[in-house]
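Commentary on secondary and tertiary structure
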Amino acid sequence: VSFSERLMMEILPIAHLINGLAPSLVVGGIALCAFTHANWAMHAKPLSLGMLYNSFSLLITSDLPEETLTPPVLMFSCLAVGFFSVFFLNIFIGVIGESYNSEKSVASLSVLKKKCSLCLNFLLRARVIPSRLLSRTATEIILYTSLTIGVAFGIAELSNMKAFTHPEPAWIAVQVLAL
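Residue indices begin from 1 for each chain and proceed along its sequence in written order. Per-residue local features of the predicted model are confined to residues with pLDDT of at least 70, and side-chain atom pairs are confined, for both listing and counting, to 80 or more; whole-chain, interface and lining totals are unaffected and use all residues. As a rule here, side-chain values cover all heavy atoms of the structure and leave hydrogens and water aside.

**Side note on the pattern of salt bridges**
Here a salt bridge means any side-chain nitrogen of Lys or Arg lying within 4 Å of a carboxyl oxygen belonging to Asp or Glu. One pass over the structure, following the stated rule, counts three salt bridges. A salt bridge links Glu10 to Lys104, with the shortest nitrogen-to-oxygen separation between them at 2.7 Å. Remark: Lys104 occurs in helix H4 (residues 71-105) and Glu10 occurs in helix H1 (residues 3-15); sequence separation between them is 94 residues. Judged by relative accessible area, which is 41%, Glu10 ranks as partly exposed. What makes Lys104 partly exposed here is its relative accessible area of 29%. Under the scheme used here, helices are H or I runs from DSSP no shorter than 4 residues and strands are E runs no shorter than 2 residues, and both carry numbers assigned from the N terminus. For every residue, the accessible area obtained with a 1.4 Å probe (protein chains only) is divided by the maximum for its type, and the residue is called buried under 20%, exposed over 50%, and partly exposed between those limits.

Put into structure tokens, the structure is as follows:
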């Protein structure tokens, strides 16, 4: 196992975490918007990005603002910080841990799938498949010789009128496939 494969086995589970995090992010975003709305309603200030930033930093860092707050706003902020810290962040951490463990258990298959998709993309996009089995000159000689032989056999079969008057089963199959 090469270094790049080991590195890939560590990074791919982290990259695939976003699939499991989407529902938690949506629920956390809704909670953030609800807190911002309630905060906006209690302060009676115009809604701005600064208020959204303050709400986000309050909920994530659990650090109350230094400005003096009225008792209802302070109580609401403490309840929101406690609820968000205990409920949402723990669920978020649990979802991350569970998703990482499930992705880590299938990391070798994910690496193999990623390698196969990279190889498939290369093969579909490549005009010439690199190979060192034969030199370029030998490859061109074989290519042109096989094309010449194929064209010669095609001309020989077309010039053979017997093939049209008494068709063989193989010739019928070729004509049907050509349609």
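**A short note on the packing of aromatic side chains**
In this analysis, rings of Phe, Tyr and Trp, with Trp reduced to its six-membered ring, are considered paired at centre separations within 6.5 Å, and the interplanar angle assigns stacked below 30 degrees, edge-to-face beyond 60, and tilted for intermediate values. Per the stated rule, a full pass over the model turns up five aromatic pairs. Each ring, one from Phe35 and one from Phe76, has its centre 5.4 Å from the other, and the planes form 10°; the classification is stacked. Taken as a pair, Phe35 in helix H2 (residues 18-43) and Phe76 in helix H4 lie far apart in primary sequence, 41 residues in all. Ring pairing ties together the aromatic residues Phe83, Phe84, Phe87 and Phe88, which thus form one cluster.

**Side note on a nonpolar patch on the surface**
Patch criteria: residues need more than 30% relative accessible area and no salt bridge. Like-charged residues are merged within 9 Å; nonpolar side chains of Val, Leu, Ile, Met, Phe, Trp and Tyr are merged within 5 Å. Every accessible area reported is derived by Shrake-Rupley at a probe size of 1.4 Å, with residue values counting cover from the shown protein chains alone. On the surface, Phe3, Leu7 and Ile11 cluster together into a nonpolar patch covering about 310 Å² of accessible area. Looking at where Phe3 falls in the secondary structure, it is placed in helix H1. For Phe3, a relative accessible area of 58% translates into the label exposed.

**Quick look at the side chain of Ser110**
With respect to the secondary-structure elements, Ser110 resides in helix H5 (residues 107-125). In this description, contact between two residues means that some pair of their heavy atoms is separated by no more than 4.5 Å. Ignoring anything within four residues of it in the chain, the contact list for Ser110 reads Leu12, His16 and Glu103.

**Some points on the packing of H1 against H4**
Relative to each other, H1 and H4 sit at 140°, their axes nearing to 9 Å. Between H1 and H4, the interaxial angle falls into the category oblique. Considering the relative orientation of H1 and H4, their crossing is right-handed. Across from Met9, Glu10, Pro13 and Ile14 in H1, the residues of H4 making contact are Tyr100, Glu103 and Lys104. A class-by-class count of the residues in the contact of H1 with H4 yields four nonpolar, no polar and three charged. To get an axis, a line is fitted to the C-alpha atoms, and for a helix only the part in contact is used. The angle between two axes follows their N-to-C directions and goes from 0 to 180 degrees. Here roughly perpendicular refers to angles of 65 to 115 degrees, roughly parallel to angles under 35, roughly antiparallel to angles over 145, and oblique to all remaining angles. The crossing is said to be left-handed when, going from far helix to near helix, the turn is anticlockwise and less than a right angle, and right-handed when the turn is clockwise. Side-chain classes are defined by residue name, with Ala, Val, Leu, Ile, Met, Phe, Trp, Tyr, Cys and Pro counting as nonpolar, Asp, Glu, Lys and Arg as charged, and the others, Gly among them, as polar.

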